[in-house]
Amino acid sequence: MIRRDEGKSWLLISQMDHARIAGEIADVWGNETVPKLPLADVLAASVRHHDDGWKEWEAEPQVDPETGGPRNFTEMPMPEVTPIWMQSIEQAAKRDPLDGLWVSKHFTYLAERARPGRRENKVEKGAIDAFLVGQKPLRKIWRGKAYKRFGDIPELEAGVEIGLKWLQFFDSLSLWLCCDRRTEPHTFTLPDGTPMTAKPQSPEDIVFDP
């Protein structure tokens, strides 16, 4: 759940809707300036569905017991977040082993980033560590299945890496759109290192350069 403060009220955006927005951008990505997505048949669906594990939680979202307000996704306890991540990953792997690899590596990255801040909390750290340990053997299984598509390990690793970068790019772009009203330009970095600036023109229009 994404919570935006709107004066005395909130605008609440589900994680699945955030991912759907990311997926809709991925579906139409590419023109004469920016290349189309690699492995687009799998990658665009992966972007759109990478947060599907939130479906049950968001049907009955919780509130923060201290504030009484709805919890933003950044405020969730790790013992509650990691099972949601695992559901997202399991659903991705059922669609395609490459999809499972991308989504697993995406949430592994988030878990590794969160870990330093939870070192003093044994419950939080334990949930992160259990998640990280559990994902390793699963990725090995999905790598074996995805290998049949690529035929050699270097090509497979390159496909996994570029797909992960695109998923993270569209995830970041959608979060930027969802988390606040946007009036100022913001520069993103495409997976190949090219800078791309989003320039809000009005509440309805944003121009991307290039």
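Chemist: I would appreciate a short explanation of the nonpolar core in the present structure.
Modeler: The tendency in soluble globular proteins is for nonpolar side chains to be buried as a group. Within the largest apolar cluster, 48 residues are counted, with the highest numbers of intra-cluster contacts made by Trp29, Leu98, Trp102, Trp166, Phe169 and Phe170. Looking at this core, the elements that each hand over two or more residues are helix H1 (15-27), helix H2 (40-49), helix H4 (78-95), helix H5 (97-114), helix H6 (122-150), helix H7 (153-178) and strand S4 (195-200). Top contributing element to this core by residue count: H7, with nine residues. The residues touching Trp166, leaving out its near neighbours within four places in the chain, are Trp29, Leu37, Pro38, Leu43, Leu190 and Pro191.

Chemist: Before we go on, may I ask you to explain the layout of surface pockets in this structure?
Modeler: Gaps left between atoms are located by rolling a probe of water-molecule size over the structure's atoms. Within this model, the largest pocket holds a volume of roughly 720 Å³. Together, 29 residues line the largest pocket, and Phe73, Leu110, Arg113, Asp171 and Leu175 are the ones closest to its centre. Mapped by element, the contributors of at least two residues to the lining of the largest pocket are H1, H4, H5, H7 and strand S3 (186-189). Residue composition of the lining of the largest pocket, grouped by class: 15 nonpolar, eight polar and six charged. Space inside the second largest pocket adds up to approximately 270 Å³.

Chemist: Looking at this structure, how should I read the packing of H4 against H6?
Modeler: Between H4 and H6, the shortest axis-to-axis distance is 9 Å and the interhelical angle comes to 10°. Overall, the two elements H4 and H6 adopt an arrangement that is roughly parallel. With respect to the hand of their crossing, H4 and H6 are arranged in right-handed fashion. Of the residues in H6, those touching H4 at Met78, Pro79, Thr82, Trp85, Met86, Ile89 and Ala93 are Val123, Glu124, Ala127, Ile128, Phe131, Gln135 and Trp142. Its residues assigned to classes, the contact of H4 with H6 shows eleven nonpolar, two polar and one charged.

Calculation notes
- Residues numbered from 1 in each chain as written.
- Predicted model: local features only at pLDDT ≥ 70, side-chain atom pairs only at ≥ 80, totals over all residues.
- Heavy atoms only, no water.
- Core = buried A, V, L, I, M, F, W, Y, C linked by side-chain atoms within 4.5 Å.
- Buried < 20%, exposed > 50% of the residue type's maximum accessible area, 1.4 Å probe, protein only.
- Helix = DSSP H or I, 4+ residues; strand = E, 2+ residues; numbered from the N terminus.
- Contact = heavy atoms within 4.5 Å.
- 1 Å grid on protein atoms, 1.4 Å probe; cavity = no way out; pocket = protein on both sides within 12 Å on 5 of 7 lines; lining within 4 Å.
- Points joined across faces, edges and corners; volume = space filled by probe spheres on them.
- Nonpolar A, V, L, I, M, F, W, Y, C, P; charged D, E, K, R; others polar.
- Axes fitted to C-alpha atoms, helices over the stretch in contact; angles between N-to-C directions.
- Parallel < 35°, antiparallel > 145°, perpendicular 65-115°, else oblique.
- Left-handed = near helix turned anticlockwise from the far one by under 90°.

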